[in-house]
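Each chain is listed here by its residues.
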Amino acid sequence: MAKSLNMTTIQNHDWRDDFPIMRTSMNGQPLIYLDTASSAQKPQAVIDKMTQVMETNYSNIHRGLYAISQNITEEYEFVRLKIKNFLNIPDTYSIIFTRNTTEAINLVAQSFGRTFLQDGDEIILSSLEHHANIVPWQLLKNYNDLKIKPIPLLQDNTLDIEAYASLLTKKTKIIAINHISNSLGNINKINDIISLARNFNPEIKVIIDGSQAVVHSRVNLTEIDADFYAFTGHKIYGPSGVGVLIGKTDLLNQMPPYQGGGDMIETVGFDHSTYKQAPFKFEAGTPAITEVIGLGAAIDYLSGIGMDNIAAHEQTLLKYATQQIKEIDGITIYGDISEKAAIISFTAEWAHISDIAMILDQCGVAVRSGHHCCMPLMKILGIEGTVRASFGLYNTHNDIDIFIKSLKKAKKLLA
């Protein structure tokens, strides 16, 4: 159960102590890590759990009759229940373990897309999409003559919902969109987007990239009527190499396997094989056992704090940092809206984004610079890329003070 914390406690609590890497330095300075949107750091609880598995309880799963294989199989499968409770999912049979969100979207594109889409069908994406939610649909065009239609942006860089409604046609079969933009932090109105699609044609399938949403806020998938929802472990304070695809069970059971091999089969012959039902038919081969259990430990850690508490903490940091950045002349913030996650993307008229990032690096401040795997968006914005500062539960007001001081130093050196 989530802890009940008041706002004073949230502002004063330092979860930084739970993360060993935060006690290290970078370039001789205390590490100020502002790149959580790329990959979150790992709490001691996750590190300890993964170490414990590898030291005392590791074996393959679903195969052995001996005790440690049975034990770790049970522990591995229990993570599905943790995800079910964390995201309020109706059943565990809809939860597929993948390597990451990218693989999850490719799974849907290649399994559902190649089976059910036909020449002339249309896929609607948003202009805010990560490459992982663009390229898989382009690859699908190698098999079908499909049309990809992006939702345009309004002047404030939010999605133009009226324009989106006009893109819906009888040929629309898939809508694939992120819940929260990884580059700008925009929280997209996915319930409105899904509702418009359902009202237009209930058969349209909706795929949500939830990589940023599950780490920044409480997500209730019972309230979100998406057909597929994906997220990745390394952004939610868990290990890399593991992701999750949640799909409606009836749809998953209609889809053919994405890959073939051990553990997804019922019977195998040289002329014919039969496959398990979802989720197992999509999990070929030995999975990332330790990493899945590490993901479960990350979910336990976040559930103990409470996602609402984390969201409140991050929003306090976001508002403070945004106010401080706006006081520096010559900076443009992209996605400066009220409904957004703890991500700030900006450029400066007085320096190149890479030069700013390098100065910050020398000050011990880790930010991301570049297109953030959103090249089409950057082209729309008319820029090469941005400096992106993204916050996590381990960040503090002091981190932001050092970030702003370092940014002012960059201006002094580069302007």
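Up top you'll find the structure we're talking about.
Predicted model, so just to flag it, every value in this text is computed and none were measured.

*Asks:* Can you help me understand the nonpolar core in this one?
*Replies:* As a rule of thumb, soluble globular proteins bury nonpolar side chains together. Grouped together as the largest cluster of nonpolar side chains are 71 residues, with contacts concentrated most on I83, L87, I175, F231, L302 and L393. For this core, the element with the highest residue contribution is helix 10 (residues 289–305), accounting for eight residues. With sequence-adjacent residues up to four places away left out, F231 is seen in contact with I83, L87, T101, G210, S211, V214, I236, G243, V244, I246 and L295. Core analysis: the next-biggest nonpolar cluster, separate from the first, contains 31 residues, I32, I325, I331 and A342 among them.

*Asks:* Which parts of the structure should I look at to understand unusual backbone geometry?
*Replies:* Leaving glycine aside, a negative phi is the common case for residues, and trans is the common case for peptide bonds. Cis rather than trans, the peptide bond between A278 and P279 has omega equal to 5 degrees. Position of P279 relative to the elements: it lies in the loop between strand 12 (273–275) and helix 10. Even without being a glycine, H62 presents a positive backbone phi close to 65 degrees. Relative to the helices and strands, H62 is located in the loop between helix 2 (44–56) and helix 3 (67–87). Classification of H62 as partly exposed rests on a relative accessible area of 29%. Although it is not a glycine, Y237 adopts a positive phi angle of roughly 70 degrees.

*Asks:* Even after reading the chapter, I still don't get the sheet that holds strand 9 (residues 228–232), so can you show me in this structure?
*Replies:* If you walk across this open sheet you meet the seven strands as 4-10-9-8-7-5-6, and the pairing is mixed. Two strands in the sheet have a free side with no partner beyond their single neighbour: strand 4 (95–98) and strand 6 (147–151). Each strand axis lies, on average, 20 degrees off the axis of its neighbour in the sheet, ignoring direction. Direction of pairing for strand 5 (residues 122–126) relative to strand 7 (residues 172–178): parallel, over a ladder of three bridges. Along strand 7, the bridge assignment pairs I123 with I174. Lying over the sheet, helix 3 contacts strand 4, strand 9 and strand 10 (243–247), oriented at roughly 115 degrees with respect to strand 4.

*Asks:* Got a minute to help me understand helix 10 in this structure?
*Replies:* Three or four residues apart is the spacing at which side chains of an α-helix point the same way, because the helix has 3.6 residues per turn. The first and last C-alpha atoms of helix 10 sit 25 Å apart over 17 residues, in line with the 24 Å expected at 1.5 Å per residue. With 13 of 17 residues buried, helix 10 is to be regarded as a mostly interior element. Positive phi appears at G306, one or two residues downstream of helix 10, with a value of about 100 degrees.

*Asks:* When you look at the side chain of S69 in this model, what are you seeing that I'm missing?
*Replies:* Looking at the element boundaries, S69 is found in helix 3. With a relative accessible area of 0%, S69 lands in the buried category. Once residues within four sequence positions are removed from consideration, S69 is found in contact with S59, N60, I61, R63 and G64.

*Asks:* Explain the pairing of strand 14 (residues 343–348) to me, please; I cannot follow it from the model alone.
*Replies:* With six of six residues buried, strand 14 lies mostly within the body of the structure. Every second residue of strand 14 is oriented toward a common face, with I343, S345 and T347 on one face and I344, F346 and A348 on the other, all of them buried. Where strand 14 and strand 17 (residues 386–390) come together, four bridges link them in antiparallel fashion. The residue of strand 17 that forms the bridge with I344 is A389.

What counts, and where the lines are drawn
- Residues numbered from 1 in each chain as written.
- Predicted model: local features only at pLDDT ≥ 70, side-chain atom pairs only at ≥ 80, totals over all residues.
- Heavy atoms only, no water.
- Core = buried A, V, L, I, M, F, W, Y, C linked by side-chain atoms within 4.5 Å.
- Buried < 20%, exposed > 50% of the residue type's maximum accessible area, 1.4 Å probe, protein only.
- Helix = DSSP H or I, 4+ residues; strand = E, 2+ residues; numbered from the N terminus.
- Contact = heavy atoms within 4.5 Å.
- Pairing = 2+ DSSP bridges.
- Axes fitted to C-alpha atoms, helices over the stretch in contact; angles between N-to-C directions.
- Expected span 1.5 Å × (residues − 1).

Don't take any of this as a statement about function, it's just geometry.
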